[in-house]
Amino acid sequence: MMVEVNNINKTYNEGEITAVNNVSFAVDKGEIFGLIGPDGAGKTSIFRILTTLLLPDSGSARVDDLDVVKDYQEIRRRVGYMPGKFSLYQDLTVEENLRFFATVFNTTLEENYHLIEDIYQQIAPFKTRRAGKLSGGMKQKLALCCALIHRPQVLFLDEPTTGVDVVSRKEFWEMLRKLKQQNISILVSTPYMDEADLCDRIALMQNGSIMSIDTPANIVESFPKNLYAAKAGDIYTLLKQLQGDEVVESCFAFGEALHLTFKSDQDADNTVKRIVAEQQLDDLEISRITPTIEDSFIRLMRENATETETDGK
Amino acid sequence: MSKHFGDFKAVDRITFDVNEGEIFGFLGANGAGKTTAMRILCGLSFPTSGQAKVAGYDVYRQQEKIKKHIGYMSQKFSLYDNLTILENIEFYGGIYGISRGEIRQRGDALVKTLGLDKEAKKLVGSLPLGWKQKLAFSVAIFHRPRIVFLDEPTGGVDPITRRQFWDMIYQAANEGITVFVTTHYMDEAEYCNRVTVMVDGRVEALDTPARLKRQFQSDSMDGVFYQLARKAKRTSD
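Asks: Tell me about the packing of helix α8 (residues 235–244) of chain A against helix α6 (residues 159–174) of chain B, residues and numbers included.
Replies: Look at α8 of chain A against α6 of chain B: their axes get within 12 Å of each other, and the N-to-C directions meet at 120°. Classified by the angle their axes make, α8 of chain A and α6 of chain B are oblique. In the crossing of α8 of chain A with α6 of chain B, the sense of the turn from one axis to the other is left-handed. Contacts between α8 of chain A and α6 of chain B involve Ile 235, Tyr 236, Leu 239 and Lys 240 of chain A from the first element and Asp 167, Tyr 170, Gln 171 and Asn 174 of chain B from the second. A breakdown of the residues in the contact of α8 of chain A with α6 of chain B according to their chemical character gives 4 nonpolar, 2 polar and 2 charged.

Asks: How would you summarise α6 of chain B if you had to cite specific residues and measurements?
Replies: Residues and elements named next belong to chain B. Between its first and last C-alpha atoms α6 spans 23 Å; for 16 residues at 1.5 Å apiece the expected length is 22 Å, and the two agree. Across the 16 residues of α6, 14 count as buried, placing the element largely inside the fold. N-cap assignment for α6: the residue whose side-chain oxygen lies 2.9 Å from the backbone N of Ile 160 is Asp 158. Looking at the residues trailing α6, positive phi occurs at Gly 176, about 100°.

Asks: Pulling in residues and values, what's your account of the side chain of Asp 67 of chain A?
Replies: Residues and elements named next belong to chain A. Looking at where Asp 67 falls in the secondary structure, it is placed in strand β5 (residues 66–67). No salt bridge is formed by the buried Asp 67. Its closest oppositely charged neighbour is Arg 62, at 4.2 Å. For Asp 67, the contacting residues outside a window of four places in its chain are Ala 61, Arg 62, Tyr 72 and Ile 75.

Asks: If you had to explain the nonpolar core to someone new, which residues and values would you point to?
Replies: Counting residues in hydrophobic clusters, the biggest one holds 73 residues, and the most contacted among them are Leu 258 of chain A together with Ile 23 and Phe 137 of chain B. Sort the elements by how many residues they give to this core and α6 of chain B lands first, with 7 residues. Leave out the neighbours within four places in its chain, and Ile 23 of chain B touches Trp 166, Ile 169, Tyr 170, Ala 173, Val 179, Val 181, Tyr 191, Cys 192, Asn 193 and Arg 194 of chain B. The next biggest cluster of nonpolar side chains, apart from the first, holds 52 residues, and it includes Met 138, Leu 155, Val 188 and Leu 204 of chain A.

Asks: Got a sec to walk through the sheet that holds strand β7 (residues 147–151) of chain B? Specific residues and values, please.
Replies: Residue and element names in this part refer to chain B. Spatial strand order, β6-β7-β8-β3-β9-β10: 6 strands in an open sheet with mixed pairing. Each having just a single partner strand, β6 (70–74) and β10 (202–207) make up the two edges of the open sheet. Strand-to-strand, the axes of this sheet are offset by a mean angle of 15°, without reference to chain direction. Pairing analysis gives 5 bridges linking strand β9 (residues 194–199) to β10, with the strands arranged antiparallel. The residue of β10 that forms the bridge with Met 198 is Val 203. Where α6 meets the sheet, its contacts fall on β3 (23–28), β6, β7 and β8 (178–182), and the angle it forms with β3 comes to roughly 130°. Sheet strands in contact with helix α9 (residues 221–229) are β3, β9 and β10, and its direction is about 25° off that of β9.

Asks: Provide a residue-level description of the environment of His 150 of chain A, including the pertinent values.
Replies: Residue and element names in this part refer to chain A. Considering the arrangement of structural elements, one finds His 150 in the loop between α5 (136–148) and β7 (154–157). Expressed as a C-alpha distance, the spacing of His 150 and Arg 78, which sit 72 residues apart in the sequence, is 8.1 Å. Beyond its immediate sequence surroundings of up to four residues, His 150 is in contact with Arg 77, Val 79, Gly 80, Phe 105, Thr 107 and Asn 112. One polar contact links the side chain of His 150 to the main-chain carbonyl oxygen of Val 79, over a distance of 2.8 Å.

Asks: So, the packing of aromatic side chains: which residues are in play, and what are the values?
Replies: Here the structure, examined in full by the defined rule, presents 20 aromatic pairs over all chains. Aromatic side chains Phe 26 of chain B and Phe 180 of chain B sit 4.8 Å apart centroid to centroid with 45° between the ring planes, which places their arrangement in the tilted category. Of this pair, Phe 26 of chain B sits in strand β3 while Phe 180 of chain B sits in strand β8, placing them 154 residues apart in sequence. No difference in accessibility class separates Phe 26 of chain B from Phe 180 of chain B, as the two residues are buried. Both rings, one in Phe 91 of chain B and one in Tyr 92 of chain B, keep their centres 5.4 Å apart while their planes meet at 85°; by these two values the pair is edge-to-face. Within the aromatic cluster, the residues linked to one another by ring pairs are Phe 16, Phe 24, Phe 26, Phe 149 and Phe 180 of chain B. The side chain of Arg 163 of chain B reaches across the aromatic face of Phe 254 of chain A, ending 4.1 Å from its centre.

Asks: Could you give me a rundown of unusual backbone geometry, with the residues and numbers involved?
Replies: All names here are of chain A. Positive phi outside glycine occurs at Asp 64, with the angle close to 50°. With respect to the helices, strands and loops of the structure, Asp 64 is situated in the loop between β4 (58–63) and β5. A residue is classified by how much of its surface remains accessible, and Asp 64, at 18% relative accessible area, is buried. One non-glycine residue, Gln 280, lies in positive phi territory at about 50°. Inspection of the secondary structure assignment puts Gln 280 in the loop between α9 (268–279) and β14 (285–289).

What counts as what
Residues numbered from 1 in each chain as written. Chains lettered and ligands numbered in written order. Predicted model: local features only at pLDDT ≥ 70, side-chain atom pairs only at ≥ 80, totals over all residues. Heavy atoms only, no water. Axes fitted to C-alpha atoms, helices over the stretch in contact; angles between N-to-C directions. Helix = DSSP H or I, 4+ residues; strand = E, 2+ residues; numbered from the N terminus. Parallel < 35°, antiparallel > 145°, perpendicular 65-115°, else oblique. Left-handed = near helix turned anticlockwise from the far one by under 90°. Contact = heavy atoms within 4.5 Å. Nonpolar A, V, L, I, M, F, W, Y, C, P; charged D, E, K, R; others polar. Expected span 1.5 Å × (residues − 1). Buried < 20%, exposed > 50% of the residue type's maximum accessible area, 1.4 Å probe, protein only. Polar contact = N/O pair within 3.5 Å; in protein donor to acceptor, adjacent residues only side chain to side chain. Lys, Arg positive; Asp, Glu negative; His and termini not counted. Salt bridge = Lys/Arg side-chain N within 4 Å of Asp/Glu carboxyl O. Core = buried A, V, L, I, M, F, W, Y, C linked by side-chain atoms within 4.5 Å. Pairing = 2+ DSSP bridges. Phe/Tyr/Trp six-rings, centres within 6.5 Å; stacked < 30°, edge-to-face > 60°. Lys NZ or Arg CZ within 6 Å of the ring centre and 35° of its normal.

Take a look at the structure:
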């Protein structure tokens, strides 16, 4: 195991805020492991504990078989960390930043160039430009190069694609797939549920706790109910009506369709027929579909909800 | 409308209309010119050439009028963390010239609708992010603007709150407030009445999500966006 986390807890403000609540997971060699969840889920605290920048209140964690508290100096040599906030030197050029990070880790740009070649080629035309003057997508690529230049065993990427457009996001995940082939283990976090499918395994996180850990396929497979998609011209009216229907357990908007589950899946075909007949919308279509990670996430959130606020009805 | 910075055409001859009460999605790759265009429409910067009117007011001559009649909210610019919910409402209401009596009355009603009665006197900083964003939206339309500009309002928010947020957007639109919204979540593009996609400073597509999907032969807005934004030359800059 490249990363092992055992019952980690972390609170702030003298215990007032629980950031990480009894979290355990492990990341294999060459695995892409995703922490999926919104802001405040505890993702960044976990990253900071594993990169030895923050001490846990309790629990233990090992990175490359080293203890995050006792062996912090050695861990820092072996990991690459790309924080959520851009933290390269804005006044240094692209190339200067890279050389700086290589020197700090006692290596050279040339020695490990093969590791970053694919990514660096995309920013090489701007190598004399100051990092502060780069676009978001370019900064992200440079930050990844700087995190890789000392040939780390594990890469920690904290929300590398947040606020980045769809095209750059796709390119970034393409790069991660190539790094995986070099047997580098990657722990990556994201608030975008559609990126979960690109990970080998994921942990769905909310309010400091892990709600579920598995492969994306298994998480989707364990969705306990039939899931239906409803489409109609006036989707907002349909949403309100279905949320008010007593046989409906949950109903949420998903792009152009509504995703819904029924309280009981017995006789579901007739329930669908009854709803279609009652709604009297000539363009209404309801069909059974396979859930997405986001469907599973919402379901787990509802099951775990203690606050009445997160009720989908 | 165009906006140039030296030789750089941040916004390059864009043309569109937004109807009253419409939910208008304003999409584009990073660096496509969305923020520059939005700043002009919010009365914060002048175009280099072309014409534009917001809520009937001219972007060159009537910037202050524009500011009075629009609402604005972004993921970053939110509320004051060290003021309470009621104090934030009072502050923003006061800035827009609403009387104290009316602020109190409507503020109480708002807090009730949001289900935040018990938290009304708590500091905003202590609220979970999802509640903050819902409150920020309510405050942005507290002075009943003609149009509200939302700049990535749901970034980083959990999937249930994201949907509750869109419920509020629909409700505002039903009450006649025009909604101008940017987002990186392509499923949210589907919730808009019409969507524009900006590429390299130009409006490359403008239509309903259904028609855009047909035009680009894609089953999702994700696919439409990808086809358009991939052609961008500027993202590599």
